[in-house]
Every structure is written in C-alpha cells, then in structure tokens.
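A closer look at the structure
Next come the chains, spelled out residue by residue.
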Amino acid sequence: MEFLQQLINGLALGSVYALLALGYTMVYGIINLINFAHGEIYMIGAFIGYFASTTFNLSLIPTLIISMIGSAILGMIIEKVAYKPLRNSPRITLLITAIGMSLLLQNGMRFLVGPNPKPYKDLIPNSFINLGNVQINSKTLLMLGVSALLVLLLQFIVYKTKVGLAMRAASYDIEAASLMGINVNNTISTTFAIGSALAGIAGVLVAIAYPSINPYMGTMPGLRAFVAAVLGGIGSIPGALVGGVLIGLIETLTKAYISTSFSDAIVFSVLIIILLIKPSGLLGKKTNEKV
Amino acid sequence: MLAVQNLSIEFGGLKAVSNLNLSINSKEVVGLIGPNGAGKTTVFNMLTGVYTPTTGKISYFGEDINGLKPYAITEKKIARTFQNIRLFSELSVIDNVKISYNYRVKYNLFDSIFRTKKFRDEENKIQEESLELLKAFSLDSKKDELAKNLSYGEQRRLEIVRALATKPSLLLLDEPAAGMNPQETKDLMEMINWIKDKFNISVLLIEHDMKLVMGICEKIVVLDYGKKIAEGTPEEIKNNPKVIEAYLGEGA
Amino acid sequence: MKDILKKSSFKALMAIIAVFALLNTLIQTGVINYYYSGIINLILINVILAVSLNLIVGFTGQLCLGHAGFMAVGAYISAILTLKTNMPLILGIIIGGIIASLFALLIGIPTLKLTGDYFAITTLAFGEIIKVIIMNMDYLGGASGLSGIPIKTKFPLAFIFTVLTIVIISNIIKSSHGRAIISIRENEIAAQAMGVNTFKYKIYSFVIAAFFAGIAGALYSHYIGFLQPASFDYLQSINILVFVVFGGMGSLSGSIISASILTFLPEALRSINELRMIIYPLALIILMIFRPQGLLGNKELSLKIFKNLANRKEDKVC
C-alpha cells in the first residue's frame, strides 16, 4: 500500500533528522547555543565519506567510521576556535557567530570542491526486501539500522558512563558541575564531538540513499532538524528522537500528498505552532529565569 | 493600604510560600526577614506581578491587584528594587531615571517624530524633575555618566532613585544594604527614614542586616520555609524563640 | 536650551541639503555615471534596511532573522500597484510599507512573547514562509519572478526617503519611547518594574522596522525592475544583519557607514566577488570574537570624537 511505503520512507528520513536533532539538542542543553553550523557538519560528513569512498576506495564500514571521526574532530575544532572564546558573551553575539560559521563552511566547501554536485559511490548493493505490498530499499534499511544502533549507543554513553554523567550534569547547571570537579571544557568538547559525529554519519547515510552531494545540502536539513529538536523539546534527548521522526514523517507525507514546495512552509509552520503553544516542546520542561 | 491574605505559590510541587498574611499601613516601614530561601524575594515577586500566586489575595488601597503584569503594578504606585542590581548599564544615570517617567508621559509617537511643542515641554519637565531627584541623592554630578561606571554604592542609590521616580506610595527594597559597610548601612538607614518622610511612602524591606532592620522597622514579619513564623515589633522579634531557632538552629 | 537644539538641527538640515545638492548635480551632469549612481541608490536602500533592522536588533535587543520578508512584501505590493494600477509611485511605496508593517503586527503579536533565540528562529521561519507563499502565487510571478517593473527609483526619491527614515527613527530613539525601547534591551525585567509595557514597545519597534523595510523593498523593486522570491531569502536577511552588526548594534550612524561601505565594496572589488562569500562570514566571526561592538558600538558618530582626540593630544604633549 502506497501509504505504508511513504510511512517507511518518512521513518527513514525521520531517523536521519533524529541524528541531526540529537546534535542540536545536546549542544543547546549544555551551552544554550543554537549551533547554526550543525547542518554544515552534516554536509562535510557526507563529503568526507565521498572522498573516503571515491578517492580512497574504502568500503561501507570504514567510510562510515572515517566520516564520523572526521566530523567529530571538525565539531571540536569549531567549538574551540569560534564558540569557546564567546562563552560569556551575550546570546546575540554567539548566534551571529554560529550563522557566520555556517556560511563560512558552506562557501568554503564550495570554493574547495566547486558548486557542482558530486555523485556518490554505491557503497551497498541496491537490493530490495519485500514485506507484503511494501518494498524496502536496502539503503533505507541501512539508514534505519545504523540510526537505531547509534541511538542505542548514545543512550548507553549518556546514561551509563562517567562521560555521559558529566554531560548531563553540565546540562543542568554548568557552574555547579565545574564546582563538583567536572572538567567543563572537556565535557563541552565531548558533547560537540558526539553531536558532530552523529551529524556526519547522517550525511553519509543520506548521501548513500540520494547519491548526489553538494556544498549547500546541509542548510535545509539542518533547519528541519532544528525544528525537530524544538518540537521534541530542545535539551531533551528522547525529544530529539520523537521530533526527528515526526518531522521526517510530516515532510514525506506532505511531499507525497500535498506538494513539494509546501513541505518547507509546513515544517516551518509546525515550528511556529509549537513555539506558540508549548515552547518547551513535546517532551521538554519549562525553566524560569530567577528574578 | 496593602493587604495580603492567604498568599501561596507553588513551583512544581514545592510550596515556596504558604498562606501568608501581611498588611502594611501608610508611612510604615515594615521588615521582611528570614533565613536564605525562606521565600522573601518570592513574596516581592508576587506583589510586583512577576509571579502569579497559586492562591490568595493581594489588595492595594482596596483594589485587587493579584495577577496584574509588573508594569501595571508600577502604574498602581508600587515600586521595587532588585537584590542583584538591575540598572540599565549602557544608559546614562539620568536616562535610567527618565525611564520611570515613561508610563505617564503625556506625548505619543507622533509627537516624538515631529518634535511638537508638547514633546519639548514634556521632555524639559522630565529633565528637570529627574535632575532634582538625582540632586536629592547627590548623584546629579554624575548625571551623564553611564550607569555601569558608577561605584557599587552609587549604583545601589541609583536603583532607589529610579524606583522613586515612578512616584510610588509603596516602595519594596530587596536587600538594599547588601555589600555595605557599617557606615554605609547607617547612611542607608537615615536615607530610608528621610525617603519615608519626604516622599510620603511606606517601605517594605527585605534585609539580612539586623542592625538596619531593628533600627528602622516599626513592624517585622519573619518567614521560614515559606511560612510566617512571627510578626511584631523589633523588641518582640528579637526575643522570639521561634525566630532565634529559625536563624540559628535548635539549641541555640 | 531650545535655541541650542534649534541650532544643531538647523546645521544638520543645511548639511543634508548640501550633500543632496552636490550629489544630485554630479549625477545630473553625468560626472557620476549611470553605473555609480545606481550603486548610490542601492546604498541608500541598504541604509534604510540597516537602520530599520537596527531599531529592532540593536536598540530593542531582539534578534530578527526575517527582515527580508518585510522587504519582499513592500517590494511586491508596490510593484503590483505600479503595474496594475495608475497609482503614483510615492503612494505605492508608502502602501508597501504599511502592508509590511501589518504583516509585522500579525507576526509579532504571537511571537514577541518568546525569548530571544526562539523569536529569532521564528522570524527566520516566517521569512521563509513568506518566500514560499510568493513562489506559489502566479499572480506575483511565482518562482520565475515578476518582471517589467518600470525603473523609477532615482537619486532624489531614494535620498529623501532615506533621510526621512533616519530622521524619524532617530527622533523616536531620542524620546521617552526610545528610552523605553533601549531599556528592554538593557534589562527587560527592570524595565517592566519601572512601568514599561515591554510587549507593547517590542511590537512598536518591530512594526516600525517592518514599515521601513517595506519602503526599502518598494524602492528596490523600482530600482532593479524585476523581482525574484529567491532574492528575499534568509541569506538576504543575514546580509542586512551583517550591516547592523558591522556598524554597531545600537548606532544609527554605524549602520549608515557600514551599509555604505559594505554595499560599495563588493561592487568596487568585483574581481574578488568569488571570495566575498568566504571573506564575509569569516570577517563576521572574527568581528564577533574580537570586536563584537562593531565599528561604533552603541555610540553615534559625532564631532565630540574629534574634540576628544584634540584634547588628548594636548595632554600628551604636556
């Protein structure tokens, strides 16, 4: 049935948005910054994968791992260079810097590789699984499978390791965390590393499924993933998952049943509606400013 | 003139203030004291509309002011200062004071754009009155200085001047003596009494400095864990065992 | 004191008339050729955009990422009025501004209750939504654009609108309303405690800023002759934001200077236009880290600066 097919596609897309949304939400949770450059890390992850698989002829797993590591490193560098110096600056300064970083990465990449889209190598064979009337592409399965795996891994890290405990503590109260002996700088770097790794691998997964990449491919998915993070509740990890899946479904179903050009407008409208009705998001909690 | 009945507020299950009853009369100086976290600033925030109480009534000169927005409370002639100084740092000292005239300014946007006579007259009036107020507090020589460049004591004074410029009949002072040495505190005590007489207002003040509280308050209300545990004159409060216990713990 | 006030505004008026007369003569006689007079008009349009955005971002302290949306409204409305009716241009421009400000009112009332980051994202979202709506309206030319708009924006018209914009916004800033607006930026909670209805003033500032963005849009549509919705996306909003940040958030003269320089520079340095999109954001990041207050911070350019420099030199000599 057509609807079920779209549902599966929406879920796969949603899993990608969830990976991206996780990065947004973790960074916002810890330093209250909307990292506008996050979409660009996704794009660069895809490009790292491109060079790994095409220039160096690596197969699927090494490509995924290299792009994860590369994106993680990039994320940490960006934080150290551009965001760390501004940790005590007014929010508007940070936001503008993040916007600038996003533009710099896009156009820098364009300068390096040219504006033309690059074709991605077929890293896994193009096969189908048939479940009744529904056909699931192997690449879609890959998206769903890898995302699920990573989310489980993230859950483990955040809830069962010392590093994760530090991250959670810092997201509640960064000053108190540092007073308790947590190395806040390292914790922030780790958060960026993990978030960026997820974004990078999301880029590769999407590039495998829609095998054409270009320097501007990160902007819209980045914005949509941000909407997903806000929808789920920014700062909430389960919220990012829920939001990501919802936005993936909304976008896919809108494109299938209404129109492609309206899908953006509808996703943005979702953002506006959630901010007006419940700004803390579906799973988020409200915080008050102390007077 | 201020009557608070049964005031409570809950924050997600935690009752920060429970069943508070409080009244303030004309030209009265009332102290609100209690250990840290007792809910004193929360009471201020409820009185000034920053928080909405969960239950209870606040009436001012007979009018119910519960749930009004902060700027509306100011229009009703209740003004406040803040525990952490909240001056407009990048504005000049005199501009900080002029803000308080905004809610009763007599000209509109049209007048501002076209610089009508009404605009110029009103601006001159605001300038004169602000300057006079600054003079009374010895801040007029710094009128064009940016607020952030003032000394700590001057900043605290400016906070009070700014609040007074809203022409209140009730002034809420949140820890006005914080960070002051004994001489400055003594000056502050004189200043508060002088304000009460010259501007004909009542004062409700939160303070930890007992000398100040005992020295100028006619009535003291003591909070602990959000509940009123005592009320009376400074003499009565000084010797109240419940108060001593709250501050110093049992067996003190 | 009134005499002194009159004196300085009289001087300013004389200066403005002098600049106008000079530039207009140079343009009319062809000393400044068609190409450069076009750049001057573009500079004036960008000055209006920068000054109006500064009102909401620099003075009220609310980051807005959708200014291009209001520009688009003004541009398209005035273009349609010119193309489909016999309305005189000036009226069309003003109506463009009014409709843009109505959009701002509708958008602002629900969203100005949100805190800074969220308000910024919402304005970005609305800017994109406006763009998508225009793209899907064939009456407005759709995605391929609206062409054939008569090129009627000449120097005198643009200059007068720019001067009016600057004077009006400056007069608002230097009044009780302006002080109230700035107090919101400085400390919103304290402002409320001093009787300022902060929500009302945020709306005022947003609506006024949108009005002038609409005016700029209308001037733009009659300057360039054709409109494409893609030119009014969030990149254009960020472009305007860069003017404001470079010049100094809270400085009108800063916005005038930065809009002029940053409009002129890419045109004059056509050869490195390729690198512009790398230099721009890089400069933005470096600026935010090392000199976030931009050129003039929240101060205005005034002759006092030269007096101070002179005094300091004297001290050094002695």
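Residues numbered from 1 in each chain as written. Chains lettered and ligands numbered in written order. Predicted model: local features only at pLDDT ≥ 70, side-chain atom pairs only at ≥ 80, totals over all residues.

**A look at the overall build of chain A**
Summing up its helical and strand segments, chain A has eleven helices and four strands in all. Against the compact-globule benchmark of 19 Å for 291 residues, chain A has a radius of gyration of 19 Å, which places it among compact chains. Projecting the C-alpha coordinates of chain A onto the three principal axes gives extents of approximately 60 × 45 × 35 Å. Burial statistics for chain A: of 291 residues in total, 53% are counted as buried. A sequence separation of at least 24 residues applies to 75% of the contacts in chain A between residues at least 6 apart. (Helix = DSSP H or I, 4+ residues; strand = E, 2+ residues; numbered from the N terminus. Rg over C-alpha atoms; globule rule 2.2 N^0.38 Å. Buried ≥ 20, exposed ≤ 12 C-beta atoms within 10 Å, placed from the backbone. Contact = placed C-beta atoms within 7 Å.)

**Some points on the overall build of chain C**
Scanning chain C from N- to C-terminus turns up twelve helices and zero strands. Shown N-terminal to C-terminal, the secondary structure of chain C runs as helices and strands in the order α-α-α-α-α-α-α-α-α-α-α-α. Taking 20 Å as the expected radius of gyration for a compact globule of 318 residues, we find that chain C reaches 20 Å, a close match to that expectation. Summarising its shape, the C-alpha atoms of chain C cover approximately 70 × 55 × 45 Å along the three principal directions. The burial tally for chain C puts 51% of its 318 residues in the buried class. A separation of at least 24 residues holds for 82% of the contacts in chain C among residues at least 6 apart in sequence.

**So, the interface of chain C and chain A**
Taken together, the 27 residues of chain C in the interface contact 31 residues of chain A. When contributions to the side of chain C that touches chain A are tallied by element, the ones reaching two or more residues are helix H5 (116–135), helix H9 (234–247) and helix H11 (273–290) of chain C. In terms of residue count, H5 of chain C provides more of the side of chain C that touches chain A than any other element does, eleven residues in total. Residue composition of the side of chain C that touches chain A, grouped by class: 22 nonpolar, three polar and two charged. (Nonpolar A, V, L, I, M, F, W, Y, C, P; charged D, E, K, R; others polar.)

**Structural notes on the pairing of strand E3 (residues 29–33) of chain B**
All names here are of chain B. The element E3 is largely enclosed, with a buried count of five among its five residues. Here E3 shows a buried face lined by Val29, Gly31 and Ile33 and a second buried face lined by Val30 and Leu32. Of the pairings in the sheet, the one linking E3 to strand E8 (residues 202–206) comprises four bridges and is parallel in character. Residue leucine 32 lies in a different strand from E8, and its bridge partner there is isoleucine 206. Note: E3 against strand E9 (residues 219–224), four bridges, orientation parallel. Its bridge partner lying in E9, glycine 31 is registered against isoleucine 220. (Pairing = 2+ DSSP bridges.)

**A short note on the packing of H9 of chain C against helix H10 (residues 252–268) of chain C**
All names here are of chain C. Viewed as axis vectors pointing N to C, H9 and H10 meet at an angle of 125 degrees, and their least axial separation amounts to 7 Å. Our classification of the angle between H9 and H10 gives oblique. For H9 against H10, the interelement crossing comes out right-handed. For the pair H9 and H10, the contacting residues are Val242, Phe243, Val244, Phe246 and Gly247 in the first and Gly254, Ser255, Ile257, Ser258, Ala259 and Leu262 in the second. (Axes fitted to C-alpha atoms, helices over the stretch in contact; angles between N-to-C directions. Parallel < 35°, antiparallel > 145°, perpendicular 65-115°, else oblique. Left-handed = near helix turned anticlockwise from the far one by under 90°.)

**Examining the sheet that holds strand E1 (residues 2–11) of chain B**
Residues and elements named next belong to chain B. In space, the four strands of this open sheet follow the order E2-E1-E4-E5, with antiparallel pairing throughout. In this open sheet, the two strands that pair with only one neighbour each are strand E2 (14–24) and strand E5 (63–64). In terms of strand pairing, E1 meets E2 through seven bridges, oriented antiparallel. From the neighbouring strand, isoleucine 9 faces E2, where its bridge partner is valine 17. Lying over the sheet, helix H1 (residues 40–47) contacts E1, E2 and strand E4 (55–60), oriented at roughly 65 degrees with respect to E2.

**With respect to the sheet that holds strand E6 (residues 78–80) of chain B**
All names here are of chain B. Here six strands make up an open sheet; going across it, the order is E6-E7-E8-E3-E9-E10 and the pairing mixed. Where the open sheet ends on each side, the last strands, each with one partner, are E6 and strand E10 (227–232). In this sheet, neighbouring strand axes are inclined to one another by 20 degrees on average, regardless of whether the strands run parallel or antiparallel. Sheet analysis places E9 next to E10, joined by five bridges and oriented antiparallel. Bridge pairing links leucine 223 to lysine 228 in E10.

**Some details on the pairing of E9 of chain B**
With five of its six residues buried, E9 of chain B lies for the most part within the structure. Adjacent in sequence and paired antiparallel, E9 of chain B and E10 of chain B are bridged by two residues, among which tyrosine 225 of chain B carries a positive phi angle near 50 degrees.

**Here's the deal with the interface of chain C and chain B**
With 23 residues of chain C at the interface, the matching set in chain B holds 28 residues. Contributions of two or more residues to the side of chain C that touches chain B are made by helix H6 (155–173) and helix H7 (176–193) of chain C. With 13 residues, H7 of chain C is the single largest residue contributor to the side of chain C that touches chain B. Looking at the side of chain C that touches chain B residue by residue, the classes come out as ten nonpolar, ten polar and three charged.

**Side note on helix H5 (residues 138–160) of chain A**
All names here are of chain A. Taking 1.5 Å per residue as the helical rise, H5 with its 23 residues ought to reach 33 Å, and the 32 Å between its terminal C-alpha atoms agrees with that figure. Of all the residues in H5, the buried ones are Lys139, Thr140, Met143, Val146, Ser147, Leu150, Val151 and Leu154. Summarising the contacts, the buried residues of H5 are in contact with helix H1 (2–31), strand E3 (134–137), helix H8 (184–209) and helix H10 (237–257). (Expected span 1.5 Å × (residues − 1).)

**Re the environment of alanine 283 of chain C**
Residue and element names in this part refer to chain C. In this structure, alanine 283 sits in helix H11. Judged by the 15 C-beta atoms lying within 10 Å of it, alanine 283 is partly exposed. A C-alpha to C-alpha distance of 28 Å links alanine 283 and glutamine 228, two positions 55 residues apart in sequence.

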